[in-house]
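As a plain string of letters, each chain reads:
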Amino acid sequence: MAKLHHVISADQFNPEISEKIFEEAERIRGADENSLKDILKNKSIVLLFWESSTRTFLSFYNAILKLGGFPIPILNAGKFSSAIKGESLKDTIRTCADLKADGIIMRHDKEGSAKVAAETLDIYAPKVCLLNAGDGKGEHPTQMLLDVYTLWRMKKEELKKGKLTGALVGDLRDSRVLHSDAKALLKYKTRLILISEKGNDLPPEITAEIKKEKIDYVRTDDIEKFAQEVDFWIFTRLQLERKGISLKNFRPQLQSKFSQKFGITKELLSKMKKDALLLHPLPRVEEIPEWVDEDKRAIYLSGKENSESQVANGLYLRMALLKIIF
Ligand code: ASP
C-alpha cells in the first residue's frame, strides 16, 4: 500500500487500501489499551473545526488520546482562531505547521477547503498531514471509511463479491457523506438505489462515474418501491445549511415534509429485509424516529438488542487510520 499522507477524498481509497485499514481497526479493537499508548507519542494533532461536530470531533480526539498523542482542539475556528480578524485559511494552516503540529484534522464549511489546506502544507510543511473531516458539501472521507468498515464487518463476503444492494436516501445533492459513500461503494460494485427528491440528486460527476463503471443503479423518489431488495440503507438528514435557507425559520416545515418522504415508517420497516442494516451518519433529525432504535437492524448507535454501533466503529477506524498515517 502506498504511504497515506493527506486524506482528502474517497477517490484515494479502493477496497484493497480500505481493507488494510479495516483489518488494523479490528486489531486495535481487540488490543490491550496499554499496547497502543505509544503509537502517537510526542505527536500533536490540531483539530481545526469551523463547523459543529459531535462524533467526528469526539472520535478523533479520543483516538489521539488513546494512541498517546496530544489533541489540540480549536472548535468554532471561524471565531476562536484569527480567522475572525481576517486571517486566510492558508495562513491559519501555515501557523499550525510553524507551531509544530504533526497533523491537522480539519472541518470547514467550504467545499474544496481541505484540498487548499493540503496543497498549502505540501509547499510549506510537507511532513504535516491534513485529514478532511468534512469540507462543506464536498466530502467526508473518514465517515465513508467507517460506513464501509461497518458493512465490511456485517456483510463482508457479499460486499467483497459485489453482491450487495445499498439504498442511499435523502439529501443526495448536499450530503458530503453520501458523496464519499457513493464513490467508495461503486468500487465495490454495490448495486445502488438512489432515493431522493427529483433535482436533489448526486452531483453529476459522481453519477457519471457510476455510469462509467457500469454500476447497476436506480434513481427514484419512492422509498418503498425497492425495499425488499435492499441489504443496507444509509439515511441522511436534510442538509438545510447547504441550501442557503435559514435553519431557524424553515427547519420545522421542511424537515417534517422531508422525513415523511425519506424517513423510516412502520410500513417501510415491515417491507425491509429481515437482515437489512440501517445506517445513518447522524445527527438524525426526524428521519429515524427513536422507536426504530430497538429494531435489531438499526446499527447507527448500539441498541439494547444489538451491540454493533457505527459510531463506535468510527473510533476504531480513526485510530487505525491515524496509526497507519503516522
Ligand atoms: N455528521 C455528518 C457530516 O458532518 C452528517 C450530517 O451532518 O448530516 O456531514
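Read on for an overview of the structure. Since this is a predicted model, take the numbers as computed values, not measurements.

## Digging into the packing of aromatic side chains
Here comes step 1: This structure, assessed with the given rule, holds 7 aromatic pairs.
Here comes step 2: Ring geometry for Y149 versus W152: centroids 6.2 Å apart, planes at 35°, classification tilted. With Y149 and W152 both in helix 6 (residues 141–160), this residue pair falls 3 residues apart, about one helical turn.
Here comes step 3: On the basis of relative accessibility, which here comes to 0%, the residue Y149 falls in the buried class.

## What to know about the pattern of salt bridges
Here comes step 1: Under the counting rule described, the total for this entry stands at 29 salt bridges.
Here comes step 2: One salt bridge in this structure joins D216 and R191, with 3.3 Å as the shortest N-O distance. With D216 in the loop between helix 8 (204–212) and strand 7 (217–220) and R191 in strand 6 (residues 191–195), this pair connects stretches of sequence that are 25 residues apart.
Here comes step 3: Put simply, D295 and R297 hold a salt bridge, and the shortest N to O gap is 2.9 Å.

## A few points about helix 11 (residues 310–325)
Here comes step 1: Across its 16 residues, helix 11 extends 22 Å between first and last C-alpha, which sits within 8% of the 22 Å expected from 1.5 Å per residue.
Here comes step 2: What helix 11 keeps buried is the set Q310, N313, G314, L315, L317, R318, M319, A320, L321, L322 and I325.
Here comes step 3: Buried residues in helix 11 make contact with helix 1 (15–30), strand 1 (44–49), helix 2 (55–66), strand 4 (129–135), helix 6 and strand 9 (277–279).

## Quick notes on helix 2
Here comes step 1: Given a rise of 1.5 Å per residue, 12 residues ought to cover 16 Å, and the 16 Å separating the end C-alpha atoms of helix 2 matches this to within 8%.
Here comes step 2: Where helix 2 is buried, its residues contact strand 1, strand 2 (70–74), strand 3 (103–108), strand 4, helix 6 and helix 11.

## Concerning the layout of surface pockets
Here comes step 1: In this structure, the largest pocket occupies an estimated 560 Å³ of space.
Here comes step 2: Lining the largest pocket are 27 residues; nearest its centre among them are R107, R237, E241, L282 and P283.
Here comes step 3: Of all the secondary structure elements, the ones that give two or more residues to the lining of the largest pocket are helix 2, helix 7 (176–187) and helix 9 (247–262).
Here comes step 4: It is helix 9 that provides the largest number of residues to the lining of the largest pocket, a total of 3 residues.
Here comes step 5: Considered class by class, the residues forming the lining of the largest pocket number 8 nonpolar, 11 polar and 8 charged.

## Things to note about the pairing of strand 1
Here comes step 1: Of all 6 residues that make up strand 1, 6 are buried, and the element is covered over most of its length.
Here comes step 2: Of the two faces of strand 1, the one holding S44, V46 and L48 and the one holding I45, L47 and F49 are both buried throughout.
Here comes step 3: Of the pairings in the sheet, the one linking strand 1 to strand 2 comprises 5 bridges and is parallel in character. The residue of strand 2 that forms the bridge with S44 is F70.
Here comes step 4: Traced from strand 1 through helix 2 to strand 2, the parallel crossover comes out right-handed.
Here comes step 5: The pairing of strand 1 with strand 3 spans 5 bridges and is classified as parallel. Considered in strand 3, the bridge of L48 is made with M106.

## Concerning the packing of helix 4 (residues 89–98) against helix 5 (residues 113–124)
To describe two helices that pack against each other, one gives the angle between their axes and the distance between the axes.
Here comes step 1: Running from N to C, helix 4 and helix 5 cross one another at 50°; their axes reach a closest spacing of 9 Å. Taken together, the axes of helix 4 and helix 5 lie oblique to each other. The element helix 4 and its partner helix 5 pack so that their crossing is right-handed. Contacts from L89, K90, I93, R94 and A97 in helix 4 reach S113, V116, A117, T120, L121 and Y124 in helix 5.
Here comes step 2: Considered class by class, the residues forming the contact of helix 4 with helix 5 number 7 nonpolar, 2 polar and 2 charged.

## What about the environment of S175?
Here comes step 1: Considering the arrangement of structural elements, one finds S175 in the loop between strand 5 (165–169) and helix 7.
Here comes step 2: For S175, the residues in contact, after removing those within four places along its chain, are T236 and Q239.
Here comes step 3: Polar side-chain contacts of S175 include one of 3.1 Å to the backbone nitrogen of L178.

## Considerations on empty space enclosed by the protein
Here comes step 1: On inspection of all chains with the given rule, the structure shows 2 cavities of 30 Å³ or more.
Here comes step 2: Empty space within the largest cavity amounts to approximately 70 Å³.
Here comes step 3: Together, R55, S59, Q143, L146, H280, P281, L282, Y300, Q310, V311, G314 and R318 line the largest cavity.
Here comes step 4: The set of elements that each furnish at least two residues to the lining of the largest cavity consists of helix 2, helix 6 and helix 11.
Here comes step 5: In terms of residues, the lining of the largest cavity owes the most to one element, helix 11, which gives 4 residues.

Calculation rules
Residues numbered from 1 in each chain as written. Predicted model: local features only at pLDDT ≥ 70, side-chain atom pairs only at ≥ 80, totals over all residues. Heavy atoms only, no water. Phe/Tyr/Trp six-rings, centres within 6.5 Å; stacked < 30°, edge-to-face > 60°. Helix = DSSP H or I, 4+ residues; strand = E, 2+ residues; numbered from the N terminus. Buried < 20%, exposed > 50% of the residue type's maximum accessible area, 1.4 Å probe, protein only. Salt bridge = Lys/Arg side-chain N within 4 Å of Asp/Glu carboxyl O. Expected span 1.5 Å × (residues − 1). Contact = heavy atoms within 4.5 Å. 1 Å grid on protein atoms, 1.4 Å probe; cavity = no way out; pocket = protein on both sides within 12 Å on 5 of 7 lines; lining within 4 Å. Points joined across faces, edges and corners; volume = space filled by probe spheres on them. Nonpolar A, V, L, I, M, F, W, Y, C, P; charged D, E, K, R; others polar. Pairing = 2+ DSSP bridges. Right-handed = clockwise from strand over helix to strand, strands pointing away. Axes fitted to C-alpha atoms, helices over the stretch in contact; angles between N-to-C directions. Parallel < 35°, antiparallel > 145°, perpendicular 65-115°, else oblique. Left-handed = near helix turned anticlockwise from the far one by under 90°. Polar contact = N/O pair within 3.5 Å; in protein donor to acceptor, adjacent residues only side chain to side chain.

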